[in-house]
Each structure stands twice: as C-alpha cells, then as structure tokens.
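Remarks on the overall topology
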Amino acid sequence: VAEMQRQPCGVDSTLSTSLLRGVAFHHSGLTSEERSLIERGYRDGAVSVICATSTLAAGVNLPARRVIFHTPYMGNKFLDATQYKQMAGRAGRAAQGE
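Every value quoted in this text rests on a predicted model; they were computed, and no experiment measured them.

On to the overall build of the chain, then. A count of helical and extended segments in the chain gives five helices and four strands. Listed N to C, the secondary structure of the chain is α-α-β-α-β-α-β-β-α in terms of helices and strands. Taken across its 98 residues, the chain has 28% of its residues classed as buried. Residue pairs in contact within the chain that sit at least 24 positions apart in sequence constitute 46% of those at least 6 positions apart. For the chain, the accessible surface area stands at approximately 6500 Å², while carbon and sulfur atoms represent 52% of it.

This part covers the pairing of strand β2 (residues 49–52). Pairing geometry for strand β1 (residues 23–26) and β2, over four bridges, is parallel. The residue of β2 that forms the bridge with His26 is Ala52.

Quick look at the packing of aromatic side chains now. Evaluation of the coordinates by the stated rule reveals two aromatic pairs. Considering the side-chain rings of Phe69 and Tyr84, the 5.2 Å spacing of their centres and the 25° angle between planes classify their relative orientation as stacked. Taken together, the residues Phe69 in the loop between α4 (54–59) and β3 (73–74) and Tyr84 in helix α5 (residues 81–88) connect sequence positions 15 residues apart. For Phe69, a relative accessible area of 30% gives the class partly exposed. On the basis of relative accessibility, which here comes to 44%, the residue Tyr84 falls in the partly exposed class. Their ring planes at 85° and their centres at 5.4 Å tell us that Tyr73 and Phe78 sit as a pair that is edge-to-face. Assessed through its relative accessible area of 41%, Tyr73 is described here as partly exposed.

On to the environment of Tyr84. Taking the C-alpha atoms as reference points, Tyr84 and Met74, 10 residues apart in sequence, are found 9.6 Å from one another. With near-sequence residues (within four places) excluded, Tyr84 lies in contact with Phe69 and Gly89.

Rules used throughout
- Residues numbered from 1 in each chain as written.
- Predicted model: local features only at pLDDT ≥ 70, side-chain atom pairs only at ≥ 80, totals over all residues.
- Heavy atoms only, no water.
- Helix = DSSP H or I, 4+ residues; strand = E, 2+ residues; numbered from the N terminus.
- Buried < 20%, exposed > 50% of the residue type's maximum accessible area, 1.4 Å probe, protein only.
- Contact = heavy atoms within 4.5 Å.
- Areas by Shrake-Rupley, 256 points an atom, 1.4 Å probe, with all protein chains shown as cover.
- Pairing = 2+ DSSP bridges.
- Phe/Tyr/Trp six-rings, centres within 6.5 Å; stacked < 30°, edge-to-face > 60°.

What follows is the structure, encoded as structure tokens:
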C-alpha cells in the first residue's frame, strides 16, 4: 500500500483498504503501475485474493490455487473451450498454495 501511495497518481481508496487485508482487484481502469504492484504483491504473498476481469485471467501468468467464474462470458460473448481452459488452467499449478 505504501508503495502504491508513492505513485504519482496516488492510490484508489477502496484498493488501498482492501490491500491491507490481502485482497485486490485488477481491471483495465488501473494504471500499469497499480496492476504491476498488485501482481507483484500476489507473487510475493502479500495479496492472497484477486478479483479480476477476464482479461487478467486470460492474459497474465499468475498461478492460483482456485479460479472462480462469476459468469461464463468474456465481455458479452460466451467463453469457448480454449478461453475456459486458459482461465481455469491458472488453478492447481505446482508449488501454488504451499
């Protein structure tokens, strides 16, 4: 949180509060610095839960113990098998959750 507060744009107050509890959210409205800090916090263990858009689930390499889908859509299109496997494949990777 302190590192985010040092960013030129500051930090979203909701994100700041949730980070103190090890929870973050990740979406395109965040700055690249905020997204990078959240990802690093997750890799380092300071963040244990990330609520994310399908973009994160499909494009960023963050292994997870569990992946939960709120809806089976990416935008307004139903997920195809490849997209589902890409997102669901984040769960259960070796050395995650030890």
